[in-house]
Amino acid sequence: MAKVLVVADIKEGVLKGSTAELCSKAKAIGAEVAVAAIGSSIEPLIPDLARAGSDTQYISDDPGLEAFSAGPYASCVVEAARQFGADMIWFGFSESGKAVAPRVAAQLDAACANEITDVTLDAGRIEVVRPAFTNKVVQRVKANTDKLVAVVRAGAFEADEGVTGSENVVKLSAPAPDAKAVVKQIISDATGDIDLADADIVVSVGRGAKNQEGVDLVKALAKDLNAGFGSSRAMVDGGFMPHNKQVGQTGKIVAPSLYIAVGISGAIQHLAGMNGSKVILAVNKDPEAPIFNVADYGIVGDLFEVVPILREEIKKVRG
Amino acid sequence: MKILTTVKKVVDVELNIKVNDGAIVEEGLQYVINAWDESAVEAAVQMKENHGAETTLVSVGGGDNTDVIRRCYAMGIENGIHIEDPALDKADSSIFAKVLQKVYEAGNYDLVITGKQAQDTDSGHTGILLAEYLGLPCVSNVIGIEVIDEQHISVSRAGDSGTEIVELSLPAVVTVDVSINEPRLPQMRGIMMAKKKKIEEMDLAALGTSPDEVGAGAPKSEIIEFMESEKRKGGQKFEGDAAEITAKVVQLLADEAKVL
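Caption draft 1: Spotlight on the overall build of chain B. Broken down by element type, chain B carries six helices and 15 strands. Principal-axis analysis of the C-alpha atoms places the extent of chain B at approximately 70 × 45 × 40 Å. Within chain B, contacts between residues at least 6 apart in sequence are counted, and of these 71% link residues at least 24 apart.

Structure (structure tokens):
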């Protein structure tokens, strides 16, 4: 039986939904599933880790692991993979996953694939599907090794409610800190906002908002909808939105039920970050904006006029 | 301080990319410098200007990269190396990283700056693998670099819960995001000077290695085929009275799409 080690996605003490999605997929391809959980004071998450669909939990819990540091995190994953005998190691889509996966691959002499959307395992032969050329095409890739390390694209797999696991905890000793790459400070941008990766609805603001007033207007719509609030690159470069709110190939990749693009023209780098959304609504005053080529619903109009009406109408239907 | 930057020539993804019989259709493709690498070059040139660093760039594979390397010369890079070898035709990130390891070892560098990914493969592995093979500290997704002294730099990384400030002991590898800077446009004087500069062309043997040593015959992964991606189609687009069309769309979101 193939063995898949899922690296748990933990942010601010909470287990993210991607962990259950990855565990469900691993079980769906008939694999035995373990998770590696890394952080500080994470033992209370063990029941959640089992419920997500894992049957073994490798726990690296140490105050020294509170701040993300790629070297020590990779050591924890490698140790868990060796003890478990993992054939595949999967990370959810995150900056930490993208930083750690190649290190783990190098240390295990494994193949490595970023942003996979599907994976098959047939008689020991591992194949993945992933986008390439900024999501313009997809490619099928085979591993020439018996091990694969992969980062799974956001929204690629669905959690199966019927999947569950059991508690079987293995505690790992903490690795030494990386003396040559010392994390001095983390300037948190946890502003109490909804996490983009988890949000069921995402509202994003683009250049059409022009100024802070425009950004605040669109943000109010996001708040009404209890939605994640994202951004195009233009508004990040313009200093209106923080870096970690940028949706696109170079930023966050999201796949919510509803994505509302407000004042965003739709550069391919932005589309690559949101075209997995179930339903897309675009508001733009240029009827030729490329965003309308991917939007299920489009409103051609000035966002300063449309957004207040949108808020009112949404309040009416939501009661 | 000696800085090595890496540059990859990639397909211009702004243009149409077609697939036929499992392969990318070459006709009509245009090639440009990878945007993330252009930011790496700009970061290196800024360190030359502000801290007197010596800058070298290397590109591996890709055929005739003269135009890309000359562009980087015009931006201010001092030395250019291009490695081309038929054995590298099927190279994956791990093989590119092994070749870069040889380049690094031949040059006694203090800092390697690479783009965080290339816009053709979107993998983001090469820089991190290079650091692992060399046993050097590495920070990826870097959005700021400050020099502390000859042995230390401080970098800002866009992480999952905020901006991480990491102090790196040199030598080290950093992979940068495009948001680290706005790459300069080469000026006429730089372009003229770049034309006269030499590019050091070499194959694996000249680099002091062999296809076997960099694993060129045994890539860890291989592309089987390319396929068209599922294209979304535009749906219903409404123009006219803002109040009317907005109310209409909200009704559709609620009743038809059932997402409100």
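Still more ground to cover, so stick around.
Caption draft 2: Spotlight on the overall build of chain A. Along chain A, the regular secondary structure elements total eight helices and 18 strands. In terms of overall dimensions, chain A is globule-like: its C-alpha atoms have a radius of gyration of 21 Å, near the 20 Å expected for 319 residues. Referenced to the eigenvectors of the C-alpha coordinate spread, the extents of chain A come out at roughly 60 × 40 × 40 Å. Residues counted as buried form 60% of the 319 residues belonging to chain A. In chain A, of all internal contacts separated by at least 6 residues, the share reaching a separation of at least 24 is 65%.

Caption draft 3: Structural detail: helix H6 (residues 242-255) of chain B. In this model H6 of chain B runs 20 Å from its N-terminal to its C-terminal C-alpha over 14 residues, within 8% of the 20 Å that 1.5 Å per residue would give. Where H6 of chain B is concerned, the buried positions are Ala242, Ile245, Thr246, Val249, Val250, Leu252 and Leu253 of chain B. Buried residues of H6 of chain B, seen end-on, are gathered within an arc of 160° and therefore sit on one face of the element. Facing away from the buried surface of H6 of chain B by more than 90 degrees, the exposed residues are Glu244 and Asp255 of chain B. Its buried side turned inward, H6 of chain B meets strand S17 (279-284), strand S18 (297-300) and helix H8 (303-318) of chain A together with strand S15 (236-238) of chain B.

Caption draft 4: Up close: the domain arrangement of chain A. Residue and element names in this part refer to chain A. Domain boundaries assigned for chain A yield domain 1 (3-171) and domain 2 (201-318). With centres defined by C-alpha atoms, the gap from domain 1 to domain 2 works out at 31 Å. With six residues of domain 1 at the contact, the number on the domain 2 side is nine residues. For the side of domain 1 that touches domain 2, the residue count by class is two nonpolar, three polar and one charged.

Caption draft 5: Representation of the sheet that holds strand S11 (residues 162-169) of chain B in the model. Judged by pairing direction, the sheet is mixed, and its ten strands sit side by side in the order S13(A)-S11(B)-S10(B)-S9(B)-S12(B)-S8(B)-S1(B)-S6(B)-S7(B)-S13(B) without closing on themselves. The sheet is open, and its two borders are formed by strand S13 (181-188) of chain A together with strand S13 (200-202) of chain B, each paired with just one other strand. Strand-to-strand twist in this sheet, taken as the mean axis angle between neighbours without regard to direction, amounts to 25°. Alignment of S13 of chain A against S11 of chain B, held across seven bridges, turns out to be antiparallel.

Caption draft 6: Local environment of the confidence of the model for chain B. Here chain B averages 95 in pLDDT, while 100% of its residues score no lower than 70. Here the predicted complex carries an ipTM of 0.94, next to a pTM of 0.92.

Caption draft 7: Quick look at the domain arrangement of chain B. Under the domain assignment, chain B is made up of domain 1 (2-202) and domain 2 (234-260). For domain 1 of chain B and domain 2 of chain B, the distance between their C-alpha centroids amounts to 46 Å.

Caption draft 8: The arrangement of the interface of chain B and chain A in detail. With 68 residues of chain B at the interface, the matching set in chain A holds 73 residues. Per element, the largest residue contribution to the side of chain B that touches chain A is ten residues, and it comes from H6 of chain B. Of the residues in the side of chain B that touches chain A, the class split is 34 nonpolar, 19 polar and 15 charged. Two elements, strand S10 (residues 137-143) of chain A and strand S14 (residues 221-228) of chain B, share seven bridges in a ladder whose sense is antiparallel.

What counts, and where the lines are drawn
Residues numbered from 1 in each chain as written. Chains lettered and ligands numbered in written order. Predicted model: local features only at pLDDT ≥ 70, side-chain atom pairs only at ≥ 80, totals over all residues. Helix = DSSP H or I, 4+ residues; strand = E, 2+ residues; numbered from the N terminus. Contact = placed C-beta atoms within 7 Å. Rg over C-alpha atoms; globule rule 2.2 N^0.38 Å. Buried ≥ 20, exposed ≤ 12 C-beta atoms within 10 Å, placed from the backbone. Expected span 1.5 Å × (residues − 1). Arc of directions from axis to C-beta. Domains from an automatic or database assignment. Nonpolar A, V, L, I, M, F, W, Y, C, P; charged D, E, K, R; others polar. Pairing = 2+ DSSP bridges. Axes fitted to C-alpha atoms, helices over the stretch in contact; angles between N-to-C directions. pLDDT = per-residue confidence, 0-100.

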